[in-house]
Amino acid sequence: MDWEPLIEAAWQVRERAHAPYSKFHVGAALLAGGQVFTGCNVENLSYGLTLCAERVAVGTAIAAGLKTIEAVVVVADTAVPVSPCGACRQVLAEFGDPWICLANRKERLVFRLSELLPRASAGILDLPE
């Protein structure tokens, strides 16, 4: 897979992050239906209301009518590539088992989402009769 367009899109949108409290700017870009959708983190003074970059990108793709995510890139200026939080992993799992590329300025790590979140749906709706 050619990660370059997604990585570039993620770095560009990262510049628009609203992170006045943590100063931690994150960008995400995902591929769905052959289209690129981006998102950046949007902090709120009430931290529980903060939106992660990944979930902003997912929401944009869903609003455009797409329901299957093929690939996701997450970028941040960190010593090691940053990984999606648990909530973002679970939201991404709702729309497939995409490839995930985690990148900083020097390094890239590539996984399947199922490697980062095994058994995402196992048992949740499997109620005994």
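Everything here concerns the structure above.
Residues numbered from 1 in each chain as written. Predicted model: local features only at pLDDT ≥ 70, side-chain atom pairs only at ≥ 80, totals over all residues. Heavy atoms only, no water.

So, about the nonpolar core. Leu 30, Ile 69, Val 72, Leu 92 and Ile 100 are the most contacted members of the largest nonpolar core, which has 21 residues in total. Going through the elements one at a time, strand 1 (26–32), helix 2 (53–63), strand 3 (71–76), strand 4 (99–103) and helix 4 (113–116) are the ones with two or more residues in this core. Counting residues in each nonpolar core, the second largest holds 13 residues, with Ile 7, Ala 10, Val 75 and Cys 101 among its members. (Core = buried A, V, L, I, M, F, W, Y, C linked by side-chain atoms within 4.5 Å. Buried < 20%, exposed > 50% of the residue type's maximum accessible area, 1.4 Å probe, protein only. Helix = DSSP H or I, 4+ residues; strand = E, 2+ residues; numbered from the N terminus.)

A few words on the pairing of strand 5 (residues 108–112). Here strand 4 runs beside strand 5; their pairing, made up of five bridges, is antiparallel. The partner of Cys 101 across the bridge, within strand 5, is Val 110. The antiparallel pairing of strand 4 with strand 5 creates a hairpin that spans four residues between the two strands. (Pairing = 2+ DSSP bridges.)

Moving on, we come to the sheet that holds strand 3. Pairing within the open sheet is mixed, and its five strands lie in the order 2-1-3-4-5. Of all strands in the sheet, those with a lone pairing partner are strand 2 (35–40) and strand 5, marking the two edges. Sheet twist, expressed as the mean angle between neighbouring strand axes with direction ignored, is 15°. The sheet contact formed by strand 1 and strand 3 spans six bridges and is antiparallel. Looking across to strand 3, one finds that Gly 27 is bridged to Val 75. Along the sheet face, helix 2 touches strand 1, strand 2 and strand 3 and points at about 140° away from the line of strand 2. (Axes fitted to C-alpha atoms, helices over the stretch in contact; angles between N-to-C directions. Contact = heavy atoms within 4.5 Å.)

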